[in-house]
Amino acid sequence: MKHLIDIESISQSDILDIIESARQYKNGQNIPNLQHRTAALMFYENSTRTKCSFEIAGKKLGMNVINFDTAHSSLSKGESLKDTVENLYALGVDIIIIRHSLSGIIYNILNQIKCPIQFVNAGDGTRSHPTQALLDFFTITEKIKTAEGKKITIVGDITHSRVAKSNIKLLSKFGADIHVCAPSYMNFKNPDIYNITYHQDLKSAIKDADVVMALRIQNERHEKEGYPDSAEYKRLYGINSELFSKYAAKNAILMHPGPVNTDIELTAELLESKAGETILEQAHNGVFVRMAILNNLINQKGEG
Ligand code: CP
């Protein structure tokens, strides 16, 4: 693993190594020292959880972490992304953590640069968000030990969600029974390529589910503004405490990658209930999983 670009390009054993290291770091054990290594956060799209947790993760490992200011860099003077990356490497940056609206951006950059700088994908367009899927998997294994054979239901804006796609790919590798519930205009165009069960009806989707993962409606990626109608979405796909406790399995986990459109995807009372606590645990776990990712990549530099 020289880069972390997507779930497809990492092995099951790499995933398990990351999960095990994250578990140890969370327990305060075996925290590596990556002093003298430098990470650059290059975020072209907004972020709270991913950006801040990578910064905290890098600092916990003793790394230098720089916030590359995309709005005020020489990119605004016409410098290319290729030249920018090569200059950052010349300045001593080892690893770039990038979020960009263009799906596959890291593959484009790698085709152009000559330097051996490393990349972590912090979300590219609607394609991939591998670090979110890894922290979600960590949270699932922490709560219910394994994903194998567990009914995991993902609800919402599947088409535009890089989180859903990375989760489906990762959870499939580990034998989860994946169900999806989405309005037709938010569902996959070619659903058959994924080995998952589709539902139009939310109750049947979450019935006996061990994990219910709601997604954010990705309004910024919709072609038509104000669509879907929030009230209609909430009526058909919004999850409240009554629905969750009545239909999901006993001790089911409620997840959401955040940020939540409160009272649309999940009601405020569900978020404030015991079940809602897992969502902040996901964010918390992100720090340890991202520490494990940085350490894994820095230590295997050049092998991928
Ligand atoms: N889940 C997630 O990617 O959140 P941010 O957009 O805040 O990083």
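This section reports on the structure supplied with the text. (Residues numbered from 1 in each chain as written. Predicted model: local features only at pLDDT ≥ 70, side-chain atom pairs only at ≥ 80, totals over all residues. Heavy atoms only, no water.)

### Observations regarding the overall build of the protein
Okay, step 1: Scanning the protein from terminus to terminus reveals 11 helices and nine strands.
Okay, step 2: Against the globule reference of 19 Å for 304 residues, the protein gives a C-alpha radius of gyration of 19 Å, in line with a compact fold.
Okay, step 3: Along the first, second and third principal axes, the C-alpha set of the protein runs to 55 × 45 × 35 Å.
Okay, step 4: The 304 residues of the protein split such that 54% are buried.
Okay, step 5: A separation of at least 24 residues holds for 78% of the contacts in the protein among residues at least 6 apart in sequence.
Okay, step 6: About 13,500 Å² of surface is accessible on the protein, with carbon and sulfur atoms providing 47% of the total.
Okay, step 7: Positive and negative side-chain charges in the protein, numbering 34 and 35 respectively, have mean positions lying 2 Å apart. (Helix = DSSP H or I, 4+ residues; strand = E, 2+ residues; numbered from the N terminus. Rg over C-alpha atoms; globule rule 2.2 N^0.38 Å. Buried < 20%, exposed > 50% of the residue type's maximum accessible area, 1.4 Å probe, protein only. Contact = heavy atoms within 4.5 Å. Areas by Shrake-Rupley, 256 points an atom, 1.4 Å probe, with all protein chains shown as cover. Lys, Arg positive; Asp, Glu negative; His and termini not counted. Charge placed at Lys NZ, Arg CZ, Asp CG, Glu CD.)

### Details of the pattern of salt bridges
Okay, step 1: One pass over the full model with this rule turns up 15 salt bridges.
Okay, step 2: The partner of R37 in a salt bridge is D94, with the nearest N and O atoms 3.7 Å apart. Taken together, the residues R37 in the loop between α1 (12–26) and β1 (38–43) and D94 in the loop between α3 (81–91) and β3 (95–100) connect sequence positions 57 residues apart.
Okay, step 3: For R37, a relative accessible area of 26% gives the class partly exposed.
Okay, step 4: Using a relative accessible area of 10% as the deciding quantity, one classes D94 as buried.
Okay, step 5: Note that E277 is salt-bridged to K274, the shortest N-O span being 3.1 Å.
Okay, step 6: For K274, a relative accessible area of 66% corresponds to the exposed category.
Okay, step 7: Here the salt bridges share partners, and the residues they tie into one network are D6, E8, D124, R127 and K169. (Salt bridge = Lys/Arg side-chain N within 4 Å of Asp/Glu carboxyl O.)

### Side note on the packing of aromatic side chains
Okay, step 1: With the rule as written, the count across this model stands at two aromatic pairs.
Okay, step 2: Their ring planes at 35° and their centres at 4.5 Å tell us that F137 and F174 sit as a pair that is tilted. Placement of the pair is F137 in helix α5 (residues 130–144) and F174 in the loop between α6 (162–173) and β6 (177–181), with a sequence separation of 37 residues.
Okay, step 3: By relative accessible area, which is 3% here, F137 ends up buried.
Okay, step 4: Here the aromatic rings of Y233 and Y237 are separated by 5.6 Å at their centres, their planes lie at 40°, and the arrangement is tilted. In this pair, Y233 and Y237 both sit in helix α8 (residues 230–237), four residues apart, roughly one turn of the helix.
Okay, step 5: Judged by its relative accessible area of 6%, Y237 falls in the buried class. (Phe/Tyr/Trp six-rings, centres within 6.5 Å; stacked < 30°, edge-to-face > 60°.)

### Description of the sheet that holds β1
Okay, step 1: A sheet is described by the order of its strands in space; here four strands give the open sequence β2-β1-β3-β4, paired in parallel fashion. Each end of this open sheet is capped by a strand with a single partner; those strands are β2 (64–68) and β4 (118–124). Taken pair by pair, the neighbouring strands of this sheet meet at an average axis angle of 15°, ignoring direction.
Okay, step 2: Pairing between β1 and β2: five bridges, direction parallel. Paired with A40 across the strands is I66, a residue of β2.
Okay, step 3: Across the sheet, helix α11 (residues 277–299) lies against β3 and β4, angled at about 145° from β4, the strand it touches most. (Pairing = 2+ DSSP bridges. Axes fitted to C-alpha atoms, helices over the stretch in contact; angles between N-to-C directions.)

### Considerations on α5
Okay, step 1: In this model α5 runs 21 Å from its N-terminal to its C-terminal C-alpha over 15 residues, within 8% of the 21 Å that 1.5 Å per residue would give.
Okay, step 2: A large share of α5 lies buried, amounting to 13 of its 15 residues.
Okay, step 3: Immediately downstream of α5, the backbone of K145 shows phi near 70°, a positive value. (Expected span 1.5 Å × (residues − 1).)

### Focus: the site of the ligand
Okay, step 1: In the vicinity of the ligand, the contacting residues are S47, T48, R49, T50, R99, H129, Q132, P257 and G258.
Okay, step 2: G258 places a main-chain nitrogen or oxygen 3.3 Å from a nitrogen atom of the ligand.
Okay, step 3: Bound to the protein, the ligand loses 91% of the 260 Å² it would expose on its own.
Okay, step 4: Residue classes in the shell around the ligand are distributed as one nonpolar, six polar and two charged. (Near = heavy atom within 4 Å. Polar contact = N/O pair within 3.5 Å; in protein donor to acceptor, adjacent residues only side chain to side chain. Nonpolar A, V, L, I, M, F, W, Y, C, P; charged D, E, K, R; others polar.)

### A word on the packing of α1 against α5
Okay, step 1: Running from N to C, α1 and α5 point in directions that differ by 65°, and their axes come no closer than 10 Å. On the basis of their axis angle, the class for α1 and α5 is roughly perpendicular. Helix-helix and strand crossings are classified by hand; for α1 and α5 the assignment is right-handed. Only L134, F137, F138, T141 and E142 of α5 make contact with α1, whose side of the interface consists of I15, I18, I19, A22, R23 and K26. (Parallel < 35°, antiparallel > 145°, perpendicular 65-115°, else oblique. Left-handed = near helix turned anticlockwise from the far one by under 90°.)

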